[in-house]
Amino acid sequence: DAGVIQSPRHEVTEMGQEVTLRCKPISGHNSLFWYRQTMMRGLELLIYFNNNVPIDDSGMPEDRFSAKMPNASFSTLKIQPSEPRDSAVYFCASGLIGQGGQPQHFGDGTRLSIL
Amino acid sequence: DQQVKQNSPSLSVQEGRISILNCDYTNSMFDYFLWYKKYPAEGPTFLISISSIKDKNEDGRFTVFLNKSAKHLSLHIVPSQPGDSAVYFCAASVDRSNTGKLIFGQGTTLQVKP
């Protein structure tokens, strides 16, 4: 059974460019989470969706960040314009909430470098 | 405001011995706790969890203990193996809120020496 799939695995781009990260959650999961991992702040939640609806985006750092989930099998995280301080590893995770004590399952992340 | 804290950034143990990783939390509303393991260039992998109605949960070599009065949980790995060398994150949630939202600690890097 396929896990959470993220693409690309690595992205290197210049400051000011638009960056789009993609995520395919595990089939049947009803929640999707975007995280960012940095040395300074650790693993921080950016936004999460339940049944494709954004529930809490309080972790999104700025208006330059946006996320969408047009259907149950696909989500994007977009940064426009990108800045060097956005360099980090971005993880997507999916889970099955509402059934008590279910863990989230993570993809392998996208390592983003903004030059 | 760090609600979940792992105060030890790193831990080194000898193969075959016990590894004990610790985690403290401040929010008394947390009722579900998890441990994840992370290898370099991979995403965190779920390891073991515990509900607040329990004080211990065991899965093979891994045992998680929960002390609600102290707001403390720990992960015991016995016996430790070199393949256990990884970063370990504890996480907590208010499971009854049905959001699935997890708050993660900063992680502890475990090195198991052969």
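Everything that follows concerns the structure shown earlier in this document.
Residues numbered from 1 in each chain as written. Chains lettered and ligands numbered in written order. Predicted model: local features only at pLDDT ≥ 70, side-chain atom pairs only at ≥ 80, totals over all residues. Heavy atoms only, no water.

**Some thoughts on the sheet that holds strand β1 (residues 5–7) of chain A**
Residue and element names in this part refer to chain A. Counted only if it meets this: The pairing criterion for strands is at least two bridges between them, as found by DSSP. Put simply, DSSP H or I for four residues or longer makes a helix, DSSP E for two residues or longer makes a strand, and each gets a number counted from the N terminus. Here, axes are lines fitted to C-alpha atoms. For helices the fit covers the stretch in contact, and angles between N-to-C directions go from 0 to 180 degrees.
The strand order across the open sheet formed by four strands is β1-β3-β8-β7, and the pairing between neighbours is antiparallel. Either end of the sheet is taken by a strand with one partner, and the two such strands are β1 and β7 (65–71). Averaged over all pairs of adjacent strands, the angle between strand axes in this sheet comes to 15°, irrespective of strand direction. Bridge analysis of β1 against strand β3 (residues 19–24) gives three bridges, and the strand direction is antiparallel. Paired with Q6 across the two strands is C23, which belongs to β3.

**So, the pairing of strand β3 (residues 19–25) of chain B**
Residues and elements named next belong to chain B. Convention followed: Partly exposed describes any residue whose relative accessible area lies between the buried limit of under 20% and the exposed limit of over 50%, with all areas from a 1.4 Å probe on protein chains only and scaled to the type maximum.
Because side chains alternate across β3, one face comprises the buried residues S19, L21, C23 and Y25, and the other comprises I20, N22 and D24, none of which is buried. Across two bridges, the pairing between strand β1 (residues 4–5) and β3 is antiparallel. What sits directly across from V4, in β3, is Y25. Inspection of the sheet shows β3 paired to strand β8 (residues 72–77) by six bridges, in the antiparallel sense. Directly across from D24, in β8, lies its bridge partner H72.

**Description of the pairing of β3(A)**
Pairing between β3(A) and strand β8 (residues 74–79) of chain A: five bridges, direction antiparallel. Across the sheet, residue T20(A) finds its bridge partner in β8(A), namely K78(A).

**Quick look at the packing of aromatic side chains**
The test is simple: In summary, the pairing rule links any two rings of Phe, Tyr or Trp, Trp by its six-membered ring, whose centres are within 6.5 Å, and it sorts them by plane angle into stacked for under 30 degrees, edge-to-face for over 60 and tilted for everything else.
For the structure on display, the rule yields 13 aromatic pairs over all chains. Judged by centre distance (5.9 Å) and plane angle (80°), the ring pair of F106(A) and F104(B) falls under edge-to-face. With F106(A) in strand β10 (residues 105–106) and F104(B) in strand β10 (residues 103–104), this pair bridges two chains. The buried category is assigned to F104(B), whose relative accessible area is 7%. Within the aromatic cluster, the residues linked to one another by ring pairs are F33(A), Y35(A), Y48(A), F91(A), F106(A), Y36(B), F46(B), F89(B) and F104(B).

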